[in-house]
Amino acid sequence: MSPVLVLLLFAGLSEAAGRILPLVSRRPGMSRTFVAGLLVAAGLVEATVFALWPLTAWTLAELVLSTPPPGTGLEWTPSLVAPLVLSAVLAFPLLGPFLHLVVFVGVGAGLVEPLATATGLGWWSAAGCVTVAGAGLGVTVEGVRRLVVRVSATRPPEVTV
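The structure presented is a predicted model; accordingly, all values stated were derived computationally and were not measured.

Draft legend 1. Quick look at a nonpolar patch on the surface. A contiguous nonpolar patch, built from Leu 5, Leu 9, Leu 13, Val 40 and Leu 44 and spanning about 400 Å² of accessible area, is present on the exposed surface. The element that contributes the greatest number of residues to the nonpolar patch is helix H1 (residues 3-26), accounting for 3 residues. Structurally, Leu 5 can be placed in helix H1.

Below, the structure is given as structure tokens:
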């Protein structure tokens, strides 16, 4: 298993734990196996979203350019993923959402230079592609997260007289 894949999985699991554990603590009586399964599933989803960020930015850059850029695409490297893992660790609500956002912006800024170099886009255009890709993926996963919560919410039992 490559170090990048391990770091992406760890970042996804950490991000999922930061979002799920506060909810689980408010609902006593949930089984540990259910919570573990939920954490693993959510961690895989988060890791997939993280893995798609450079690919989505590359695709947006292809749409911006009149001719397709040379190369196969933008990929994560261990040096680019390490701050992402830090950002995911900071996702725990007690450590601060603002600090989490700042590190995420730093990770996005780290993706801009390789994208600009690989595609020939200017720095600001590449920054726009990375920003739109990150925001789009974030909004999408948040929408799916809210949909899952709404669908899985338990209804209060009906009283029959």
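Alright, that's what it looks like, and here's the rest.
Draft legend 2. Expanded view of H1. Taking 1.5 Å per residue as the helical rise, H1 with its 24 residues ought to reach 34 Å, and the 35 Å between its terminal C-alpha atoms agrees with that figure. The largest bend in H1 amounts to roughly 30° and is located at Ile 20, with the proline Pro 22 lying one to four residues further along. Those residues of H1 that fall on the buried side of the exposure criterion are Val 4, Leu 8, Ala 11, Gly 12, Ser 14, Glu 15, Ala 16, Ala 17, Gly 18, Ile 20 and Val 24.

Draft legend 3. Representation of the packing of aromatic side chains. The full count for this structure, using the stated rule, is 2 aromatic pairs. Judged by centre distance (6.2 Å) and plane angle (65°), the rings of Trp 53 and Trp 76 are edge-to-face. With a gap of 23 residues between them, Trp 53 in helix H2 (residues 32-64) and Trp 76 in the loop between H2 and helix H3 (78-89) connect regions that are remote in the sequence. The buried category is assigned to Trp 76, whose relative accessible area is 8%. For the ring pair Trp 123 and Trp 124, a centre distance of 5.1 Å and an interplane angle of 85° mean the geometry is edge-to-face. For Trp 124, a relative accessible area of 70% translates into the label exposed.

Draft legend 4. H2, seen in detail. Here H2 is 33 residues long and its end C-alpha atoms lie 47 Å apart, about the 48 Å a rise of 1.5 Å per residue gives. Of all the bends in H2, the greatest reaches close to 35° and is centred on Trp 53; the proline Pro 54 follows between one and four positions later. Of the residues making up H2, those classed as buried are Val 35, Leu 39, Gly 43, Glu 46, Ala 47, Val 49, Phe 50, Trp 53, Pro 54, Ala 57, Trp 58 and Ala 61.

Draft legend 5. Here's a closer look at the nonpolar core. In this structure, Leu 8, Trp 53, Trp 76, Leu 84, Leu 111, Leu 115 and Val 130 are the most contacted members of the largest nonpolar core, which totals 29 residues. Beyond its immediate stretch of four places on either side in the chain, Val 130 contacts Trp 53, Ala 57, Gly 108, Leu 111, Val 112 and Leu 115. Ala 17, Ile 20, Val 24 and Leu 39 belong to the second-largest nonpolar core, a separate cluster that totals 6 residues.

Draft legend 6. Examining the packing of H1 against H2 more closely. Relative orientation of the contacting elements H1 and H2 amounts to 130°, with a least axis distance of 7 Å. The pairing of H1 with H2 is recorded here as oblique in orientation. Both H1 and H2 take part in a crossing whose hand is right-handed. In contact with Leu 8, Leu 9, Ala 11, Gly 12, Leu 13, Glu 15, Ala 16, Ala 17, Arg 19, Ile 20, Leu 21 and Val 24 of H1, H2 contributes Val 35, Leu 38, Leu 39, Val 40, Ala 42, Gly 43, Leu 44, Glu 46, Ala 47, Phe 50 and Ala 51. Of the residues in the contact of H1 with H2, the class split is 18 nonpolar, 2 polar and 3 charged.

Calculation rules
- Residues numbered from 1 in each chain as written.
- Predicted model: local features only at pLDDT ≥ 70, side-chain atom pairs only at ≥ 80, totals over all residues.
- Heavy atoms only, no water.
- Patch = residues over 30% accessible without salt bridge, like charges linked within 9 Å, V, L, I, M, F, W, Y side chains within 5 Å.
- Areas by Shrake-Rupley, 256 points an atom, 1.4 Å probe, with all protein chains shown as cover.
- Salt bridge = Lys/Arg side-chain N within 4 Å of Asp/Glu carboxyl O.
- Helix = DSSP H or I, 4+ residues; strand = E, 2+ residues; numbered from the N terminus.
- Expected span 1.5 Å × (residues − 1).
- Bend = angle between axes of the 7 residues up to and from the residue.
- Buried < 20%, exposed > 50% of the residue type's maximum accessible area, 1.4 Å probe, protein only.
- Phe/Tyr/Trp six-rings, centres within 6.5 Å; stacked < 30°, edge-to-face > 60°.
- Core = buried A, V, L, I, M, F, W, Y, C linked by side-chain atoms within 4.5 Å.
- Contact = heavy atoms within 4.5 Å.
- Axes fitted to C-alpha atoms, helices over the stretch in contact; angles between N-to-C directions.
- Parallel < 35°, antiparallel > 145°, perpendicular 65-115°, else oblique.
- Left-handed = near helix turned anticlockwise from the far one by under 90°.
- Nonpolar A, V, L, I, M, F, W, Y, C, P; charged D, E, K, R; others polar.

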